[in-house]
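Here's the letter readout for the chains.
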Amino acid sequence: MRFFKYVVNIKASLFIFGIILIILFLSYTRILINELRDDNKEIVRLYAGMIADVVKDDSDVNLDFVFENIIKKVKFPIIQTDNDKKIQMWKNLPQFASDIDKDEQRLKFMQMMDKVNEPIPLIYRDKILGDIIFGFLHYGDSLFVQKLQNWTYVVVIVIILFIFVGFLGFSFIRNNEKNSIWIGMARETAHQLGTPLSALIGWKEWLMEHPEKVREILPEMESDLDRLSQIGRRFSNMGSTPEFKMLNLSNRMISVIKYLKKRLPTLGKKVNLKNNIDPDINIKANGSLLAWSIENIIRNSIDAINQENGEVKISLKKDQKIIIRVEDNGYGIPKKDWRNIFRPG
């Protein structure tokens, strides 16, 4: 249950982080675009004022000069119209609207620009008649603003893909961990069942050769059967909250060593288990799980021995801390596998 909550929290956090990132990026991009549009608007207002000033002259020379040498140098599309919105001059329009015979396309493009940017009126200020509007300047976004808008969509798509890939990757890792756990459970089951089952097979063969010693062997067989029941209880309690209580750790470890020592012949090993346990060391723990762990470590030491004079030393000491040490003269764990010691499976 905790693992499921952990997975849900990770995925929810990843989704929320992605949404926040998209919102922040869109907001910042929108601020930049608005600032650039405001700059363009001020430039167009300046040009509108210059045009209005030169209109006072009787000659069109100054007006042509302003449009040809100043307005045409702007980096964004601009169109000049009269009061009836009839197009008179234009600059920096896209190819489909820039040709002289493309009046209809030019008009549609101007209407598109007006939806984004309000046209700037050309105002002639007369001392007698007052302000007279004689035309408009229509302008659109610069190429940089258009690229910035396009890149906004590209980045948003990339972020969404990143979140999607993150979901897939996390799900893939989670499934691999599940598979590793199941593999580890299968191996652990075989490992746990191996000792009592091998012992029972060995006792059966020994009884067939020495039928008169049934009473002597029955307690050991009962011990192995009890061990099988204990293994079943251990696996049935997996995933539940373990119960802790005070126990004599020394006695618990001695019991494990005695159990394994009697069954070494059935494991096909000639190993000497050396007991170096200090007496009466008490600890608050789950006795069943702790004994399970200690038994597994000792079994791993026994399995690692591939020589005749095998030896496993088990010690329990209490100083400032309680230290359990299991040493063997087996081949050990290859250095490349050290990082995988505590990984499931």
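Since the model is a prediction, treat every value here as computed from it, not as a measurement. (Residues numbered from 1 in each chain as written. Predicted model: local features only at pLDDT ≥ 70, side-chain atom pairs only at ≥ 80, totals over all residues. Heavy atoms only, no water.)

**A word on unusual backbone geometry**
- Although it is not a glycine, Lys85 adopts a positive phi angle of roughly 60°.
- The residue Asn92 is not glycine, and still its phi comes out positive at about 65°.
- As for its placement among the helices and strands, Asn92 is situated in the loop between β2 (87–91) and α3 (95–98). (Helix = DSSP H or I, 4+ residues; strand = E, 2+ residues; numbered from the N terminus.)

**Looking at the packing of aromatic side chains**
- Counted according to the given criterion, the structure contains one aromatic pair.
- Plain terms: the ring middles of Phe76 and Tyr139 are 6.2 Å apart, the flat faces sit at 65° to each other, and that makes the pair edge-to-face. On the criterion of sequence distance, the pair formed by Phe76 in the loop between α2 (61–69) and β1 (78–81) and Tyr139 in strand β4 (residues 130–139) is long-range, its members being 63 residues apart. As far as the burial class goes, Phe76 and Tyr139 line up, both buried.
- Over the aromatic face of Phe136 sits the side chain of Lys85, whose NZ or CZ is 5.0 Å from the ring centroid.
- Its guanidinium or amino end placed over the ring of Trp90, Arg106 lies 3.8 Å from that ring's centre, counting from NZ or CZ. (Phe/Tyr/Trp six-rings, centres within 6.5 Å; stacked < 30°, edge-to-face > 60°. Buried < 20%, exposed > 50% of the residue type's maximum accessible area, 1.4 Å probe, protein only. Lys NZ or Arg CZ within 6 Å of the ring centre and 35° of its normal.)

**Remarks on the side chain of His138**
- Relative to the helices and strands, His138 resides in strand β4.
- His138 gets classed as buried once you look at its relative accessible area, which sits at 0%.
- Within the structure, His138 has its side chain in polar contact with the side chain of Thr81 (distance 2.8 Å). (Polar contact = N/O pair within 3.5 Å; in protein donor to acceptor, adjacent residues only side chain to side chain.)

**Observations concerning the sheet that holds β4**
- The strand order β2-β1-β4-β3 describes an open sheet built from four strands, whose pairing is antiparallel. Only two strands of the sheet have a single partner each, and these edge strands are β2 and β3 (120–126). Taking the axes of each pair of neighbouring strands and ignoring which way they run, one obtains an average angle of 25° across the sheet.
- Across four bridges, β1 lies against β2 in antiparallel orientation. Paired with Gln80 across the strands is Met89, a residue of β2. (Pairing = 2+ DSSP bridges. Axes fitted to C-alpha atoms, helices over the stretch in contact; angles between N-to-C directions.)

**Considering the confidence of the model for the protein chain**
- Considering every residue of the protein chain, the mean pLDDT works out to 79; 86% of them sit at 70 or more.
- Taken as a whole, residues 1–5 scores under 50 in pLDDT and shows three contacts with residues more than four places along the chain or in a different chain. (pLDDT = per-residue confidence, 0-100. Contact = heavy atoms within 4.5 Å.)

**Here we look at the nonpolar core**
- Of all hydrophobic cores here, the largest spans 20 residues; its most connected members are Met253, Val271, Leu273, Ile298, Ile302, Val312 and Ile314.
- Among the secondary structure elements, those contributing two or more residues to this core are α7 (249–262), β6 (271–277), α8 (287–303) and β8 (310–318).
- By residue number, the principal contributor to this core is α7, which donates six residues.
- Met253 has contacts with Ile277, Ile294, Ile314, Ser315, Leu316 and Ile324, leaving out every residue within four places of it along the chain.
- In terms of nonpolar packing, the next biggest core, distinct from the first, is built from eleven residues, Ile78, Ile120, Leu122 and Leu137 among them. (Core = buried A, V, L, I, M, F, W, Y, C linked by side-chain atoms within 4.5 Å.)

**What to know about the pattern of salt bridges**
- For the structure on display, the rule yields seven salt bridges.
- Note that Asp141 and Arg37 form a salt bridge whose closest N and O atoms lie 2.7 Å from each other. Of this pair, Asp141 sits in the loop between β4 and α5 (143–209) while Arg37 sits in helix α1 (residues 2–54), and the two are 104 residues apart along the sequence. Exposure class is identical for Asp141 and Arg37. Each is buried.
- Here Glu311 ties to Lys274 by a salt bridge, and the two come within 3.0 Å at their closest N and O atoms. Here Glu311 is found in strand β8, whereas its partner Lys274 is found in strand β6, with 37 residues between them in sequence.
- Overall, the relative accessible area of 36% leaves Lys274 in the partly exposed class. (Salt bridge = Lys/Arg side-chain N within 4 Å of Asp/Glu carboxyl O.)

**Structural notes on the packing of α7 against α8**
- Running from N to C, α7 and α8 point in directions that differ by 45°, and their axes come no closer than 10 Å. Accordingly, the angle class assigned to the pair α7 and α8 is oblique. Where α7 crosses over α8, the two elements pack in a sense that is right-handed. Of the residues in α8, those touching α7 at Leu249, Arg252, Met253, Val256, Ile257 and Leu260 are Gly287, Ser288, Leu290, Ala291, Ile294, Glu295, Ile298 and Arg299.
- In terms of residue class, the contact of α7 with α8 is built from nine nonpolar, two polar and three charged. (Parallel < 35°, antiparallel > 145°, perpendicular 65-115°, else oblique. Left-handed = near helix turned anticlockwise from the far one by under 90°. Nonpolar A, V, L, I, M, F, W, Y, C, P; charged D, E, K, R; others polar.)

**Describing helix α4 (residues 103–116)**
- Spanning 14 residues, α4 covers 20 Å between terminal C-alpha atoms, matching the ideal 20 Å at 1.5 Å per step.
- Every buried residue of α4 is listed here: Arg106, Phe109, Met110 and Met113. All buried residues of α4 lie within an arc of 105° about the axis, which places them on one face of the element. Set apart from the buried face of α4 by more than 90 degrees, the exposed residues are Glu104, Met112 and Lys115.
- Where α4 is buried, its residues contact β1, β2, α3 and β4. (Expected span 1.5 Å × (residues − 1). Arc of directions from axis to C-beta.)

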